[in-house]
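Chains, contacts and geometry: an overview
The primary structure of each chain is shown beneath.
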Amino acid sequence: MLKKDIPVIKLRWYAWALAVVLLLAGGISFVMMGGFNLGVDFESGLSQRIQIAPIGLEVTYTGNKDAVLAVSGSGLTLEIRGDEGVSSTNFSASKYPTAQDLATALGAVQNISVTVVDGSLKTSQLLSGYGFPATLSAEPTKLNFQSSGNTNIEDVRSAFDSLGNVRVQTVGMDGSQTFQIRLGIKEGATQASMETEVKDALDVAFGSGNVVVLQSDYIGPKFSATLLSSSILAIVVAMALILLYVWVRFRFAYAVSSLIALVHDILMMLTVITLFRFEFSGITVAALLTIIGYSLNNTIVIFDRIRENVALSPNASLSVNINHSVTQSLTRTVMSAVTTLIAIIPLAIFASGDIQLFAVKMGFGILFGTYSSNLLAPAMLYWVSNAQAKRKAKKAE
C-alpha cells in the first residue's frame, strides 16, 4: 500500500485535459477519414474474403454413385456413396506431397479422371473454399493451391474498376494473397447478381477459377439499418440502467459521475477504432458493452470506498477522502486490469478474425476504463458534489 495518497483531485485538470485532447483527435480523424470503417453488419452490400490461388488439378467423375471430395487437414478425403454403403479414402500430404502425386492416386480410383494443371504445387497448400465438400460430376471440379505469388492489393483494386463502389483490404499474413472485398449495394441488385459481378471481374483479371472465395456475406439495406438502430438502443438502455442502479445504490452525484466516465470510455474506444481503421461491426458493439460493465465495476468499487471513508471521516474534506479512497483501491483496480490483459493479449497476438478484433478492442477498453475509474470519475464526483453543496448553501441563505 502506498504511504502517501495519490493527489487525484489536484491532478483532475490534467487528467481531463488529456482525455479531451484524445477525444478531439478522434473527432478530427472521424471527419477527415469519412466516418467509421463499417463492417458488413452495418453497411448494406456484399463482403467477400478471397484468396488468389492457382488451379492445380481438375477432377471429374463419370460413375453412377455419389462421389464427394473434401479438403481435410492437409489432404483430400474422397467418399463414394452407393446402395452398398460408403467407402472413404484419405489422400494425405505426407503420402502424396505434390499435386502430381495426388493426381496419380486419384486417377487410380474407378470412374475418376484427373487433369493436371500444375503438378509441382504442394498438397499441404490445398485450399477449401465455397463449394467444398464438392459432389463430383462430369463437370470438372477445380482444386486450388495456395502459392507465394506476387499479386498485390492494387492488382485486385484495378480488377474492380468497372464496378465502381468497391473497397479492397489486405488480410492475413504477407504473401498469403488474401483480400477482403466490399461491394456497396446497387439499386435492383441481389446477392446472386453481385456475387456474379465479383466473380466475373476476378476471372477476367486472374483467370477463370484462380480465385477461391473463403467467406461471403450479404446484408440488405433494411437489415443493416435495423441492426444499427438496435445496437445504438442496446448501448443507450445499458447506460440508462446503469444510471438508475448507481443512483439507487449511492446518490445522484455518484450516478452522474459514473455515467460521464462511461461515456468517456465509449468515445475513447470509438476514437481508437477510427484512428486505426478497425472494422466497426457487431463485435465492436459486444466489446463496448463488455467494457461498460468492466469499467462500471471498477468505478463502483472506488465509489463504495469513498462512501465508507466519508462516513468514517466526516470532518475530512471530500478531496482528502477521494484521494485516500482511490489510493486504497488502486492495487485492486490495477491488478484486475493486468490479469485481464494477460488473458487478452495472447488472443490479440495469436488469434485471428473476429476473436482477434474483439481482444484488441477489449485491451484498449480496459486501459481506458482503468484510467477513467481512477482519475476521471472521482474528479467528476468532486465537481458535482461541490456544485450540489453550493446550490444547497445558496438555497439556505
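Above this text sits the structure in question.
Keep in mind that this is a model prediction, so the values were computed, not measured.

Attention now moves to the overall build of the chain. Within the chain, the secondary structure is distributed over nine helices and 13 strands. Relative to a compact globule of 397 residues, whose C-alpha radius of gyration would be 21 Å, the chain shows 29 Å and is clearly more extended. When burial is assessed residue by residue, the chain has 43% of its 397 residues classed as buried. Nonlocal contacts in the chain, meaning residues at least 24 apart in sequence, comprise 73% of its contacts between residues at least 6 apart.

The subject of this paragraph is the pattern of salt bridges. Proximity of charged atoms lets side chains of opposite charge pair with each other. Scanning all chains against the criterion turns up six salt bridges. Residue arginine 305 is joined to glutamate 308 by a salt bridge in which the shortest nitrogen-to-oxygen separation is 3.7 Å. One end of the pair is arginine 305 and the other is glutamate 308, both in helix H7 (residues 282-312) and three residues apart, which spans about a single turn. For glutamate 308, a relative accessible area of 39% translates into the label partly exposed.

A few words on unusual backbone geometry. In this structure, asparagine 111 is a non-glycine residue whose phi angle is positive, near 75°. If you trace the backbone, asparagine 111 turns up in the loop between helix H2 (99-107) and strand S7 (112-116). A relative accessible area of 35% means that asparagine 111 is categorised as partly exposed. Unlike most non-glycine residues, arginine 277 shows phi in positive territory, near 55°. Mapped onto the secondary structure, arginine 277 falls in the loop between helix H6 (252-275) and strand S13 (279-280).

In this section: the sheet that holds strand S10 (residues 166-171). The four strands are arranged S10-S11-S2-S12 in an open sheet whose pairing can be described as antiparallel. Whereas interior strands pair on both sides, the edge strands pair on one side only; in this sheet they are S10 and strand S12 (211-219). Adjacent strand axes in the sheet meet at a mean angle of 20°, parallel and antiparallel pairs treated alike. The pairing of strand S2 (residues 45-52) with strand S11 (residues 178-184) spans seven bridges and is antiparallel. Directly across from glutamine 48, in S11, lies its bridge partner isoleucine 181. Each of S2, S11 and S12 touches helix H4 (residues 191-206); the most contacted strand, S2, lies at about 30° to it.

Topologically, leucine 57 is positioned in strand S3 (residues 55-61). A residue is classified by how much of its surface remains accessible, and leucine 57, at 0% relative accessible area, is buried. Separated by 313 residues in the primary sequence, leucine 57 and threonine 370 place their C-alpha atoms 55 Å from one another. For leucine 57, the residues in contact, after removing those within four places along its chain, are Ala99, Leu102, Ala103, Val114, Thr115, Val116, Thr141, Lys142, Leu143 and Phe145.

The subject of this paragraph is the layout of surface pockets. If you add up the space inside the second largest pocket, you get close to 570 Å³. Together, 21 residues line the second largest pocket, and Tyr130, Lys199, Val211, Val212 and Val213 are the ones closest to its centre.

So, on to H6. Taking 1.5 Å as the rise per residue, H6 with 24 residues should run 34 Å; its terminal C-alpha atoms sit 35 Å apart, in good agreement. Backbone geometry just after H6 places arginine 277 at a positive phi near 55°.

The subject of this paragraph is the pairing of strand S5 (residues 75-82). Taken together, the six bridges between strand S4 (residues 66-71) and S5 define a ladder with antiparallel strand orientation. By the bridge assignment, leucine 69 is partnered in S5 with leucine 78. Examined bridge by bridge, S5 and strand S6 (residues 85-92) share eight bridges and lie antiparallel to one another. Along S6, the bridge assignment pairs glycine 82 with glycine 85. Once S5 ends, the chain turns through two residues before running back antiparallel as S6.

Relative to the helices and strands, glycine 85 resides in strand S6. Distance in space between the C-alpha atoms of glycine 85 and valine 114 is 24 Å, their sequence separation being 29 residues.

This brings us to the side chain of threonine 327. Position of threonine 327 among the secondary structure elements: in helix H8 (residues 318-350). A polar contact of 2.7 Å, which involves the side chain of threonine 327, links it to the backbone oxygen of asparagine 323.

What follows is about the sheet that holds strand S8 (residues 134-135). In spatial order, the strands read S6-S5-S4-S8; together these four strands make up an open sheet with antiparallel pairing. For this open sheet the edge positions go to S6 and S8, each flanked by a neighbour on one side alone.

Reading the values: the criteria
- Residues numbered from 1 in each chain as written.
- Predicted model: local features only at pLDDT ≥ 70, side-chain atom pairs only at ≥ 80, totals over all residues.
- Heavy atoms only, no water.
- Helix = DSSP H or I, 4+ residues; strand = E, 2+ residues; numbered from the N terminus.
- Rg over C-alpha atoms; globule rule 2.2 N^0.38 Å.
- Buried < 20%, exposed > 50% of the residue type's maximum accessible area, 1.4 Å probe, protein only.
- Contact = heavy atoms within 4.5 Å.
- Salt bridge = Lys/Arg side-chain N within 4 Å of Asp/Glu carboxyl O.
- Pairing = 2+ DSSP bridges.
- Axes fitted to C-alpha atoms, helices over the stretch in contact; angles between N-to-C directions.
- 1 Å grid on protein atoms, 1.4 Å probe; cavity = no way out; pocket = protein on both sides within 12 Å on 5 of 7 lines; lining within 4 Å.
- Points joined across faces, edges and corners; volume = space filled by probe spheres on them.
- Expected span 1.5 Å × (residues − 1).
- Polar contact = N/O pair within 3.5 Å; in protein donor to acceptor, adjacent residues only side chain to side chain.

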